[in-house]
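# What the coordinates show
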Amino acid sequence: MELITTLQTLNACHGPSGDEGEVAEALTRLCAPYVDDCRVDTLGNLIAHKAGPGPKVLFAAHMDSVGLIVTHIEDKGFLRFGRLGGITPGGALHTPVRFRSGIKGLVAAEQGVTHKVLTPDDLYIDIGAADRAEAEGMVSLGDTAVYDAPVFAAGAHKIVSPYLDNRVSCAALLMAMEAVTRHENDLYFVFTAQEELGLRGARTAAFGIDPDYAIAVDVTACDDVPGAKHTASAVTGRGAGIKVMDRSVICHPAVVARLEALAAEHGIAAQRDIMRSGGTDAGAMHQVRAGVTTGGISIPCRYIHSPTELADRRDVAAAAALIAEFARAPLEG
């Protein structure tokens, strides 16, 4: 499965938080050859199942993205918007966006506002409309927009794309389910909805599946860029991140130890992943019902929530390999 092609396929879909249906349809086509069945639950999670007699293991990668939602149309045709997830004003400024309908625009800022004091209220979307009437013929209140940026290779191993958070982890799940042809565990590969709005889909999916083990697969912040404040531990190109903690979870020590042992046994490049802020689906899943034995596998990613995120293909491959080994590993129910 070629990574750039997969990302292009997923990013061509309209999939901001709360409206992930197109992404779920694309992922269903991609994973159908490798699983026994797929279904979409009430909240919009795509659940792909590879049946086995052993313990239930849930791998979760969120398929939603951050986005913009139209809240007001001005007399001159400019659009004011709210944020779906953690979009920063500086990160969105001057970014091309597109709506589900195909209408395209650009995020701009009011004149005279400096970057140092820029707030979300200073931004608007310019879709080229001459006035309110023309704009209302193009978009409606409540319409959502996503970044409209390309996917491309950078250097020997890096890849740049919008929404590596978290479409790159969706790709890693696809790679792993393709690799796992023999297993005893009862495997659930879940592409969750509304993670960017508070880990919502993972909570309902985990409650419905009631797994014995859960692994959140997501990107993680990096400590390898100029000016890094050492609030994260991961480095691009050093392998899959084995989550120890972030603001949403302290991972189960047994899962951390098992993932580290599997990486060592199978020669998979890995590193410990610690973040002082941010969270993943693990934060919701480990608290479901009476609690779930939970861990995380992370892909280091620079410039998260910007339209140009960057990751290393080798880290993606390592994450996919580690997912596959945990899926195959003998586990106690």
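The preceding data block contains the structure.
Every value quoted in this text rests on a predicted model; they were computed, and no experiment measured them.

Reading the values: the criteria
- Residues numbered from 1 in each chain as written.
- Predicted model: local features only at pLDDT ≥ 70, side-chain atom pairs only at ≥ 80, totals over all residues.
- Heavy atoms only, no water.
- Helix = DSSP H or I, 4+ residues; strand = E, 2+ residues; numbered from the N terminus.
- Rg over C-alpha atoms; globule rule 2.2 N^0.38 Å.
- Buried < 20%, exposed > 50% of the residue type's maximum accessible area, 1.4 Å probe, protein only.
- Contact = heavy atoms within 4.5 Å.
- Lys, Arg positive; Asp, Glu negative; His and termini not counted.
- Charge placed at Lys NZ, Arg CZ, Asp CG, Glu CD.
- Phe/Tyr/Trp six-rings, centres within 6.5 Å; stacked < 30°, edge-to-face > 60°.
- Lys NZ or Arg CZ within 6 Å of the ring centre and 35° of its normal.
- Patch = residues over 30% accessible without salt bridge, like charges linked within 9 Å, V, L, I, M, F, W, Y side chains within 5 Å.
- Areas by Shrake-Rupley, 256 points an atom, 1.4 Å probe, with all protein chains shown as cover.
- Salt bridge = Lys/Arg side-chain N within 4 Å of Asp/Glu carboxyl O.
- Pairing = 2+ DSSP bridges.

## Focus: the overall build of the protein chain
Helices and strands together make up the secondary structure of the protein chain, namely nine helices and 18 strands. Since a compact globule built from 333 residues should have a radius of gyration of about 20 Å, the 20 Å found for the protein chain is in line with a globular shape. Counting the 333 residues in the protein chain, one finds 54% classified as buried. Sequence-distant contacts, at least 24 apart, represent 75% of the contacts inside the protein chain between residues at least 6 apart. Across the protein chain, 29 positive and 41 negative side-chain charges occur, with their mean positions spaced 4 Å apart.

## Focus: the environment of G237
With respect to the element layout, G237 can be found in the loop between strand 13 (213–220) and strand 14 (240–246). Using a relative accessible area of 32% as the deciding quantity, one classes G237 as partly exposed. Each C-alpha atom of the pair G237 and P330 lies 29 Å from the other, and the pair is 93 residues apart in sequence. Apart from residues no more than four positions distant in its own chain, G237 is found in contact with D312, R314 and D315.

## Thoughts on the packing of aromatic side chains
As enumerated under the stated definition, the model contains five aromatic pairs in all. On the basis of an interplanar angle of 15° and a centroid distance of 5.4 Å, the ring pair of F59 and F189 is categorised as stacked. Taken together, the positions of F59 in strand 3 (residues 56–62) and F189 in strand 12 (residues 186–192) put the pair 130 residues apart, joining distant regions of the chain. The structure contains a cluster of three or more aromatic residues connected by ring pairs, namely F59, F189, Y213 and F326. The ring of F207 has R289 sitting right over it, with the charged end atom 4.0 Å from the ring centre.

## Description of a nonpolar patch on the surface
Judged by side-chain polarity, M245, I250 and I274 come together as a nonpolar surface patch covering roughly 270 Å² of accessible area. Here I274 is to be found in strand 16 (residues 270–274).

## What to know about the pattern of salt bridges
Scanning the entire structure with this criterion turns up 17 salt bridges. Linking R80 and E110 is a salt bridge whose minimum nitrogen-to-oxygen distance equals 2.7 Å. With R80 in strand 5 (residues 79–84) and E110 in the loop between strand 7 (104–109) and strand 8 (123–126), this pair connects stretches of sequence that are 30 residues apart. Judged by relative accessible area, which is 17%, R80 ranks as buried. Its relative accessible area of 30% is what places E110 among the partly exposed residues. In this structure, D210 and R289 form a salt bridge, with 3.8 Å as the shortest nitrogen-oxygen distance. Taken together, the residues D210 in the loop between helix 6 (200–209) and strand 13 and R289 in the loop between helix 8 (282–285) and strand 17 (293–300) connect sequence positions 79 residues apart. Under the relative-accessibility criterion, D210 is labelled partly exposed at 38%. Judged by relative accessible area, which is 47%, R289 ranks as partly exposed. When salt bridges that share partners are traced, they join D19, E22 and R100 into one network.

## Focus on the pairing of strand 14
The element strand 14 is extensively covered by neighbouring structure, given that six of its seven residues are classed as buried. With two bridges connecting them, strand 14 and strand 15 (residues 249–250) associate as antiparallel partners. Across the sheet, D246 pairs through a bridge with V249, a residue of strand 15. Hairpin connection between strand 14 and strand 15: a loop of two residues separates the two successive antiparallel strands.

## Comments concerning the environment of S169
As for its position among the elements, S169 is in helix 5 (residues 164–179). C-alpha separation for the pair S169 and A61, spaced 108 residues apart in sequence, amounts to 5.9 Å. Once residues lying within four places of it in the same chain are set aside, the contact partners of S169 are A61, L164, V217, D218, V219 and I299.

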